[in-house]
Each structure stands twice: as structure tokens, then as C-alpha cells.
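Structural overview
Below, each chain spelled out in residue letters.
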2 protein chains.
Amino acid sequence: MMKSTLALILAAGIFAIACVFTVVTGQAHILNTSVDVPHYDSAGRLVLPDDYREWVFLSAGLDMNYSDSPPVEGRHIFGNVFVPRTAYRAFKKNGVWPDKTILILEDRMGATKGSINKTGQFQTDIAGIEAHVKDLSRFKDGWGFFAFDGTIPADLIDTNSSCYSCHLEHAAVDTTFVQFYPTLLPVAKKLNTLSSSYRLVAERDAGQ
Amino acid sequence: MMKSTLALILAAGIFAIACVFTVVTGQAHILNTSVDVPHYDSAGRLVLPDDYREWVFLSAGLDMNYSDSPPVEGRHIFGNVFVPRTAYRAFKKNGVWPDKTILILEDRMGATKGSINKTGQFQTDIAGIEAHVKDLSRFKDGWGFFAFDGTIPADLIDTNSSCYSCHLEHAAVDTTFVQFYPTLLPVAKKLNTLSSSYRLVAERDAGQ
């Protein structure tokens, strides 16, 4: 009786430990596939996330230009923006980006001639990759910009560069161009997280 | 002694059951976020997957046209294509789509005027949603096309319609336009899963 009781306790204990192990490894699996935070090398350069193409797609533009420089004849560039799923879900819930959010802008060449396509543009090779990273304890004003050369880790772009001041001045939410992300702009409007500078310009434009 | 032994067995048992519950619900969470298969209503219509915007993005085109019909003046349409992560990973591994794959084509209006943008196009409202579904036991030749009206479940598009014959004739892999998905075309080339009709045309075009 005593032996069988001990065996029962032992079996239940082993089963419980096995369950805990499964929960922990299962949880790790969830984390690996759904949580992505910035990684830096020993020199402080941002490592290009190798799985960003499996992140949530925010939008794509073609030949967008914020300056008055004329477009380059015959050259077309798509810009695809991706964000980790956990950051996307946090934004959908709160209307702001959580700390450690990474937005990846992947530029791809556009082409018209190919297979049966006759007009318009489709995407081909990568033309450049940039990152916009929220890391409150690391960057002045909370965000850093990086431009990758291939897959080599990237240095922080100088905080005096125009990308910082332009995003600070014109971005709809938290220095990010949510005005161009059609699934998120309604969230920011509803949760009232639009920047005051963006709201002022949008109201002026709507009144024109 | 007997009481404390029973209490111990009971506690271990409850803990084990709690662990099993956590494993099962954890597993369900993984399934919900990473496995997506077609769902049909009782009338056999395809249900629009409500989370397709969190799927893997294959590519976006602008104003692509396979016919000789002229573009509509001043109207621009982006086409974004999404596929579940499990199907994407299966394609990356095998160069073909697994059974139950769903590709969603989301059309969005393009706009130039907005915020600080000066040229080019960015995406705004949804203009239409279509699905291309691989369901070997359900559809003739394995694939079915659907066009959604809002979020209402969609009837199968008649298998005599031109979308079936055009995809069968021109698609790079397994009736899908992988030639326009820049992360997957190299996979199909490497794994030698390009259709013979696509290969012939691509070789002819390359020789021109």
C-alpha cells in the first residue's frame, strides 16, 4: 500500500514536471514566432531581423516622395513596411507602439515587363532596407533610424539628420507615418492618439 | 499521515490537470495564430478569414493588367497578396503549396494627395477582396476562386471563368502567379517547381 502510494505520488510528480516542461517550451515557441525586439551587436549596430518578411505588413507605396525633387525617369520603387505581430496587436489595442517596436521599410524595384503583365508595376529585387526602432532607454526622443547595406548590421543614422525632424513634425502617431497605414489610421483616430501637429494639418486639409 | 498523503496526491493531480489545461489552451493559441485553412458555411460559401492582414505578405502591385483594356484615368489600384504563415513556410521548403492553402488578394485604392506626400501613390480604402484556395478534395483541378462582397461569405466563381484558364496557362507554380512574388520565385527556380509552360515563355523572353 505504502509502495503503491509512493509510486502514485512519483508518477503524478513526473507527469506534472513533464507538463511544466511542455508549457515552458511551448511558450518559448510562441515567443520565437510572435515577439521580436531589436538586437544590437557588440559595436551597438542594429542587426537586421532575418524573418521580417513574416511580420505584419502595414502597407506599400510606389514612388512616394516628401520632397520637391523630381522622380527619376523610368525608375520605380515600392516601399513595403513590416512590423512584428506583437507590436501590431499592441497598436490595434492601444493606438501607440510599445517600447522595442521595430518598423522595417523594404524598398523594391518596380517593373512592368514580365510574364503576362501589360501595364502598371510589380515588385522585383530589393533596393534598400531601413529600420525605425523605438528603444526608450537607448535613443534620444525614443526612436532611432538605421539604413542597412545588405544584411550587415547598421549604425544609427545621425540624430541631426532630417529623417528625425521630418518624422517628429509630420508623423501621425509617435513619429511614425500611420497616416499611410490604412489598417492603423482608424485605430489612432478612434483612440485619439494622433499627434496634435498631424491633427491640425489634417483638419486644415479637410477644410480646403 | 494518511490525510497528508492524500492531500499530496490531490495537489499533484490538480497541478497536473492545470498543466494539461495550459498546454491544451497554449496549443490552441499556436494553432489560431499560425495555422489557417479554408472555412465554408453550410451553403458551401467561403468564409473571409478575419485575420488575413496578419498573414505573410507576398507582394503588392499597382495597376497591374493582364489584358489590353486601357487603364481608367485617375484611378489607381494596389493589389496586396497574403498567405498563412504555415503555407508560406511549406512553400519555402518544398516550392509548392500545401493542400488547404488560401491566397488572399486585397485591392486598395491608391492616392497621391495626403499629408506630406507629393508624388507617387499610397494605399487607402479596400476596393475588393478575392481568394484563391487549394482544396484538392473539393475543387476541379484542385483550386477555387472566390470574390467577396464586403465580409459576406463568397460563392465559388464558375470554373468556366477566365481566371481558371488564365492561371492554369500562365502561372509560374501550381496555378499561382509566383512570378510576381519576389521572395518565392527564387525558391521555385531552385527547387525546380516552375510549370513547364511558364519556363518555356520565360526562356523565350530571356532570349529576346
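Predicted, not measured: the structure shown is a model, and the values here were computed from it.

**Focus: the overall build of chain A**
The number of helices and strands found in chain A is 5 helices and 5 strands. In sequence order, the secondary structure elements of chain A are arranged as α-β-β-α-β-β-β-α-α-α. Expressed as a percentage of its 208 residues, the buried residues of chain A come to 43%. Pairs at least 24 apart in sequence give 53% of the contacts found in chain A among residues at least 6 apart. Carbon and sulfur atoms make up 59% of the accessible area of chain A, which amounts to about 10900 Å² in all.

**Points about the pattern of salt bridges**
All names here are of chain A. A complete count under the given rule lists 18 salt bridges over all chains for this structure. Where arginine 45 meets aspartate 41, a salt bridge forms, and the shortest distance between an N and an O atom there is 2.8 Å. Close ionic contact of lysine 134 with aspartate 174 constitutes a salt bridge, the shortest N to O distance being 2.7 Å. Here lysine 134 is found in strand 4 (residues 119–134), whereas its partner aspartate 174 is found in the loop between helix 3 (162–170) and helix 4 (185–190), with 40 residues between them in sequence. When its relative accessible area of 10% is taken as the criterion, lysine 134 is described as buried.

**Thoughts on the side chain of Asn80(A)**
Mapped onto the fold, Asn80(A) is located in strand 2 (residues 77–83). A distance of 2.8 Å separates polar atoms of two side chains, one belonging to Asn80(A) and the other to Gln123(A). Ignoring any residue separated from it by four or fewer positions in sequence, one finds Asn80(A) in contact with Arg53(A), Phe57(A), Ser59(A), Ala60(A), Ile104(A), Leu105(A), Glu106(A), Arg108(A), Gln123(A) and Phe57(B).

**Some thoughts on the environment of Asn80(A)**
Assessed through its relative accessible area of 0%, Asn80(A) is described here as buried. Residues Asn80(A) and Phe122(A), spaced 42 residues apart in sequence, show a C-alpha to C-alpha distance of 12 Å.

**Regarding the packing of aromatic side chains**
In the structure shown here, the tally under the stated rule is 23 aromatic pairs over all chains. Centre to centre, the rings of Phe139(A) and Phe146(A) are 5.8 Å apart; their planes meet at 65°, and the pair counts as edge-to-face. Members of the aromatic cluster, joined through ring pairs, are Tyr52(A), Phe57(A), Phe82(A), Tyr52(B), Phe57(B) and Phe82(B). Over the ring of Tyr40(A) we find Arg138(A); its NZ or CZ atom is 3.4 Å from the centre of that ring.

**A look at the confidence of the model for chain A**
All names here are of chain A. Considering every residue of chain A, the mean pLDDT works out to 86; 83% of them sit at 70 or more. Per-residue pLDDT stays below 50 along residues 12–34; that stretch engages in 25 contacts with residues further than four places along the chain or on separate chains. The complex model carries a pTM of 0.83, and its ipTM stands at 0.83.

**Regarding the nonpolar core**
Among the nonpolar cores identified, the biggest contains 33 residues, and Ile104(A), Ala131(A), Val133(A), Phe146(A), Ile104(B) and Ala131(B) are the most heavily contacted of them. Breaking this core down by element, the ones donating at least two residues are strand 1 (56–65), strand 3 (102–111), strand 4 and strand 5 (143–148) of chain A together with strand 1 (56–65), strand 3 (102–111), strand 4 (119–134) and strand 5 (143–148) of chain B. Dropping the residues within four chain positions of it, Ile104(B) is found in contact with Leu48(B), Pro49(B), Tyr52(B), Trp55(B), Asn80(B), Val81(B), Phe82(B), Ile129(B), Glu130(B) and Ala131(B).

**Describing the pairing of strand 2 of chain A**
Remember that side chains alternate between the two faces of the sheet whenever the strand is regular. Residues and elements named next belong to chain A. With 7 of 7 residues buried, strand 2 is to be regarded as a mostly interior element. Neither face of strand 2 is left uncovered, since the one carrying Ile77, Gly79, Val81 and Val83 and the one carrying Phe78, Asn80 and Phe82 both have all their residues buried. Note: strand 1 against strand 2, 6 bridges, orientation antiparallel. Looking across to strand 2, one finds that phenylalanine 57 is bridged to phenylalanine 82. Pairing of strand 2 with strand 3, which is carried by 6 bridges, proceeds in the antiparallel orientation. Bridging across to strand 3, phenylalanine 78 finds its partner in arginine 108.

**Examining the pairing of strand 1 of chain A**
Summarising burial for strand 1 of chain A: 8 of the 10 residues are buried, a large majority. The pairing of strand 1 of chain A with strand 4 of chain B spans 2 bridges and is antiparallel. Bridge pairing links Asn65(A) to Thr119(B) in strand 4 of chain B.

What counts and how
- Residues numbered from 1 in each chain as written.
- Chains lettered and ligands numbered in written order.
- Predicted model: local features only at pLDDT ≥ 70, side-chain atom pairs only at ≥ 80, totals over all residues.
- Heavy atoms only, no water.
- Helix = DSSP H or I, 4+ residues; strand = E, 2+ residues; numbered from the N terminus.
- Buried < 20%, exposed > 50% of the residue type's maximum accessible area, 1.4 Å probe, protein only.
- Contact = heavy atoms within 4.5 Å.
- Areas by Shrake-Rupley, 256 points an atom, 1.4 Å probe, with all protein chains shown as cover.
- Salt bridge = Lys/Arg side-chain N within 4 Å of Asp/Glu carboxyl O.
- Polar contact = N/O pair within 3.5 Å; in protein donor to acceptor, adjacent residues only side chain to side chain.
- Phe/Tyr/Trp six-rings, centres within 6.5 Å; stacked < 30°, edge-to-face > 60°.
- Lys NZ or Arg CZ within 6 Å of the ring centre and 35° of its normal.
- pLDDT = per-residue confidence, 0-100.
- Core = buried A, V, L, I, M, F, W, Y, C linked by side-chain atoms within 4.5 Å.
- Pairing = 2+ DSSP bridges.

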